Amino acid sequence: MSIQVHQVKGDIIELIFNPREDDLRVGENLCIMERGGHRGIIVQIIEFRMVTYPSLIQEQIRLVLEDTDMLSPELLHSLAEASSLELAAMKNLNIAVAKIRKLAGTPWDRWDGWIPTRDVEISRVNDQELFANCISNQGNLLHIGQTLYGEPFYIEGQDLEKVNIITGVKGSGKSYLSKVLLLQLIEQGAPCVVFDINKEYIHLPRHEVDPVTGQVLRRGIIHLKAGGNLKLGIRQFGLSPLLTMLTKFGLPEVSAMYLENRVFTILEEAKQMEAAGRKPPFLSIRHLIQMAEAGEFSTSEVVNGAIRSRLESARNTGVFASTEKEAISLRQQYQAIREGGALIIDVSDLTNLARFGFVQAIIDMIKDICEEEIALGTERFPFVFFEEAHLYISKNTIGYIVTRSRHLGITSFFVTNMIAGLDESVLRQADNLFLLYLPFDDDVKHISKSAMTDKETMASFVRRLRSHHCLALGNVTSQYPVIFKVQYLEGIHTAGETKYFFKPREPREGRPPLKRPQPQLPLTIPLGSRETPSRTRLKIQESGTKGRGEFHDSGKETAQQATLFE
């Protein structure tokens, strides 16, 4: 490659190259080795600039060309011709601005500040060398796309675990990438849970089981719609999520205290009955409403009335089962996808207030499942996807998921186009970032708080990402920024349920082509004619009065012309 080192400032190296000879790209990796030596550096291109010609050299050439007395005509002509050719060639040159990432070698090492001389050999880093130094392989590879040069791009499944963030502007493909990751996890036999707020995942391939043998025919999704085929009893829902939901509905703190004390006693009695080998009675929200009507929560009618009204609101959400038969066991549903599959928790039809309590109830159940997996030593931990988590999970709950995920075994994916909705503490504890196109400065500054790479790299890459391309950074790439093209899911319906008024239609045969509206020209008529309306605002076409509107009587005749204003 005919690339030359221009200068080095800190960890920034500038390379001069001819784009007609070397087709470089943002995100590409180059190896710069000293000629005849064994030391070198790995650099990554972050942006391009045009070559600016040094003013000193230009001034020197101008002075030499003007001082004709010192030069013979033949030498002057040769110098002028050579200068013109040199300047013409320099106009085609560009500067590639690159970040120094590693020390070249096997394997790559952390850069310690060493820089090469100008006498170097520069070559591209091929994909295989990049994979050998940045992608680990423990036999759990997930195919999620292609490199910039078309090689299949894999990541190690274990490196994907714990806390992941997928973000980009609306329409950049973040949900598409999350579906690629979800389907790859399912294919590898991982159990997954997805909180779907916009019906983004309900059309993915279904989980199929032989009804006779119970054998899984195809791993896929199980669609559970909150208030539809997903209803819970009070014991399944849990006391803390119930209080969260009722508090969102406006339950006063004193009333919540009375409710908590009474329901806690009932749930403890049910546990004691199970420990004694007896089956406790089913507790529904209708039973709690009847207790409030009977004044069993407090001696105050105001307290009982407040509890009853909020319980009625909770019942109207439709997520509570009226009978034991109607209640569904999330644990049993999890068993169905435990060897590979996904539970799609569809919360799209719930109100904003109802979502908070319901999602917290599901999260508590997932936590119980993880604790049971730990106790049994089976460790089939779930991968949980949160679409726009800030819309239905409190910051405290998100913080709990992030901080406790390593102890519970949960792997979480926060998929959002409102990156500012994620707290800084979440960003700093993220294990992986998957960034799609982000053109806004505020989003770039916020995501840079993750401290996975420098702000210049982050801003340069995410603003220049092409369609369907993603920047991966974190454990999956050994903290090295890698740009890849997201895998295309052929034959799989991945679009969400977007409703449109206008539907595509076939163009009619023989329909004339659309014509652009012509600009309306000013109408010029003689003043005083019969067509001139009375008291019409007129613009006299004279140099002295041009641009000034006046009123004229139609009865007066004049030889001047006027422009009619509409």
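## Concerning the overall build of the protein
A tally of regular secondary structure across the protein gives 15 helices and 24 strands. Within the protein, the proportion of its 566 residues that are buried is 45%. Put simply, of all contacts in the protein between residues at least 6 apart along the chain, 68% involve residues at least 24 apart. Of the roughly 30,600 Å² of accessible surface on the protein, 51% is carried by carbon and sulfur atoms.

## Some details on the pattern of salt bridges
According to the stated counting rule, one finds 30 salt bridges in the structure shown. For the salt bridge of Arg338 with Glu373, the shortest nitrogen-to-oxygen distance reads 2.9 Å. Of this pair, Arg338 sits in the loop between helix H10 (330-336) and strand S15 (341-346) while Glu373 sits in helix H11 (residues 352-376), and the two are 35 residues apart along the sequence. For the salt bridge of Glu424 with Lys449, the shortest nitrogen-to-oxygen distance reads 4.0 Å.

## Points about the packing of aromatic side chains
Under the definition given, this model contains 10 aromatic pairs. The interplanar angle of 55° and the centroid separation of 5.8 Å between the aromatic rings of Phe17 and Phe48 together place this pair among those described as tilted. Within this pair, whereas Phe17 is found in strand S2 (residues 12-17), its partner Phe48 is found in strand S4 (residues 40-50), the two being separated by 31 residues in sequence. What links up through ring pairs into an aromatic cluster is the set Phe195, Phe386, Tyr392 and Phe414. Here the basic side chain of Arg25 rests over the ring of Tyr149, its NZ or CZ set 5.1 Å away from the ring centre. Taking NZ or CZ as reference, Lys179 lies 5.6 Å from the ring centre of Tyr201, over its face.

## Observations concerning helix H6 (residues 239-248)
Quick reminder: α-helices carry 3.6 residues per turn. Residues three or four places apart thus point the same way. Considered for burial, the residues of H6 that qualify are Leu239, Pro241, Leu242, Leu243, Met245 and Leu246. Just downstream of H6 lies Gly250, where phi reads positive at about 100°.

## Focus: the nonpolar core
Grouped together as the largest cluster of nonpolar side chains are 93 residues, with contacts concentrated most on Phe195, Ile345, Phe358 and Phe386. Per-element tally for this core: the top contributor is H11, with 10 residues. The contacts of Phe358, once residues within four sequence positions are left out, are Ala226, Leu230, Leu232, Phe237, Met245, Val319, Ile345, Val347 and Leu350. Core analysis: the next-biggest nonpolar cluster, separate from the first, contains 44 residues, Leu182, Ala342, Val476 and Val482 among them.

## Considerations on the environment of Gln4
Relative to the elements of secondary structure, Gln4 occurs in strand S1 (residues 4-9). Expressed as a C-alpha distance, the spacing of Gln4 and Ile95, which sit 91 residues apart in the sequence, is 9.6 Å. Those residues in contact with Gln4 that lie beyond four places of it in its chain are Glu14, Leu15 and Ile16.

## Notes on unusual backbone geometry
Cis geometry is adopted by the peptide bond preceding Pro107, which originates at Thr106 and carries an omega value of 0°. Here Pro107 is to be found in the loop between strand S5 (94-103) and strand S6 (109-110). Its identity is not glycine, yet Glu379 carries a phi of approximately 55°, on the positive side. The topology assignment puts Glu379 in the loop between H11 and strand S16 (383-387).

## Topic: the sheet that holds strand S11 (residues 191-196)
If you trace the 11 strands from one edge of the open sheet to the other, you get S9-S8-S20-S19-S18-S10-S17-S16-S11-S15-S14, paired in mixed fashion. Lying at the two open borders of the sheet, with one neighbouring strand each, are strand S9 (152-156) and strand S14 (221-225). On average, adjacent strands in this sheet sit at an angle of 25° to one another, irrespective of strand direction. Relative to strand S20 (residues 482-486), strand S19 (residues 469-474) runs antiparallel, the two sharing four bridges. Bridge assignment links Cys470 to a residue of S20, and that residue is Phe484.

## Concerning the pairing of S19
A large share of S19 lies buried, amounting to six of its six residues. Alternating positions in S19 separate into two faces, His469, Leu471 and Leu473 on one and Cys470, Ala472 and Gly474 on the other, with burial throughout. Here strand S18 (residues 432-435) runs beside S19; their pairing, made up of four bridges, is antiparallel. Across the sheet, the residue bridging to Leu435 is Leu471, located in S19.

## Here's the deal with the packing of helix H8 (residues 285-293) against helix H9 (residues 301-316)
Across the interface, H8 lies against H9 with an axial gap of 9 Å and an inter-helix angle of 160°. The angle between H8 and H9 places the two elements in the roughly antiparallel class. Between H8 and H9 lies a crossing whose hand is left-handed. Along the contact surface, H8 presents Ile285, Arg286, Leu288, Ile289, Ala292 and Glu293, while H9 presents Asn304, Ile307, Arg308, Leu311, Glu312, Ala314 and Arg315. Here the residues of the contact of H8 with H9 are counted per class, giving seven nonpolar, one polar and five charged.

## Some points on helix H4 (residues 174-187)
When the terminal C-alpha atoms of H4 are compared, their 20 Å separation across 14 residues agrees well with the 20 Å that a helix rising 1.5 Å per residue should span. Most of H4 is tucked away, with 12 of its 14 residues classed as buried. Those residues of H4 that fall on the buried side of the exposure criterion are Lys174, Ser175, Leu177, Ser178, Lys179, Val180, Leu181, Leu182, Leu183, Gln184, Leu185 and Ile186.

## Some words on the packing of H6 against H11
At a minimum axis distance of 8 Å, the contact between H6 and H11 shows a crossing angle of 170°. Compared by their axis directions, H6 and H11 come out roughly antiparallel. Here Ser240, Pro241, Thr244, Met245 and Lys248 of H6 lie close against H11, whose contacting residues are Leu353, Ala354, Phe356, Gly357, Phe358, Gln360, Ala361 and Asp364. Looking at the contact of H6 with H11 residue by residue, the classes come out as seven nonpolar, four polar and two charged.

## A closer look at a nonpolar patch on the surface
On the surface, Val254, Met257 and Tyr258 cluster together into a nonpolar patch covering about 270 Å² of accessible area. Residue placement: Val254 occurs in helix H7 (residues 253-275).

## Observations concerning the environment of Ala314
Considering the arrangement of structural elements, one finds Ala314 in helix H9. Along the primary structure Ala314 and Met245 are separated by 69 residues, whereas in three dimensions their C-alpha atoms are 7.4 Å apart. Those residues in contact with Ala314 that sit more than four places away from it in its chain are Met245, Leu246, Phe249, Ile285 and Phe320.

## Notes on the side chain of Asn94
Tracing the sequence through the fold places Asn94 in strand S5. Asn94 sits in the buried class, given a relative accessible area of 17%. Not counting chain neighbours up to four residues away, the residues in contact with Asn94 comprise Leu15, Ile16, Phe17, Pro19, Arg49, Met50 and Val51.

What counts, and where the lines are drawn
Residues numbered from 1 in each chain as written. Predicted model: local features only at pLDDT ≥ 70, side-chain atom pairs only at ≥ 80, totals over all residues. Heavy atoms only, no water. Helix = DSSP H or I, 4+ residues; strand = E, 2+ residues; numbered from the N terminus. Buried < 20%, exposed > 50% of the residue type's maximum accessible area, 1.4 Å probe, protein only. Contact = heavy atoms within 4.5 Å. Areas by Shrake-Rupley, 256 points an atom, 1.4 Å probe, with all protein chains shown as cover. Salt bridge = Lys/Arg side-chain N within 4 Å of Asp/Glu carboxyl O. Phe/Tyr/Trp six-rings, centres within 6.5 Å; stacked < 30°, edge-to-face > 60°. Lys NZ or Arg CZ within 6 Å of the ring centre and 35° of its normal. Core = buried A, V, L, I, M, F, W, Y, C linked by side-chain atoms within 4.5 Å. Pairing = 2+ DSSP bridges. Axes fitted to C-alpha atoms, helices over the stretch in contact; angles between N-to-C directions. Parallel < 35°, antiparallel > 145°, perpendicular 65-115°, else oblique. Left-handed = near helix turned anticlockwise from the far one by under 90°. Nonpolar A, V, L, I, M, F, W, Y, C, P; charged D, E, K, R; others polar. Expected span 1.5 Å × (residues − 1). Patch = residues over 30% accessible without salt bridge, like charges linked within 9 Å, V, L, I, M, F, W, Y side chains within 5 Å.

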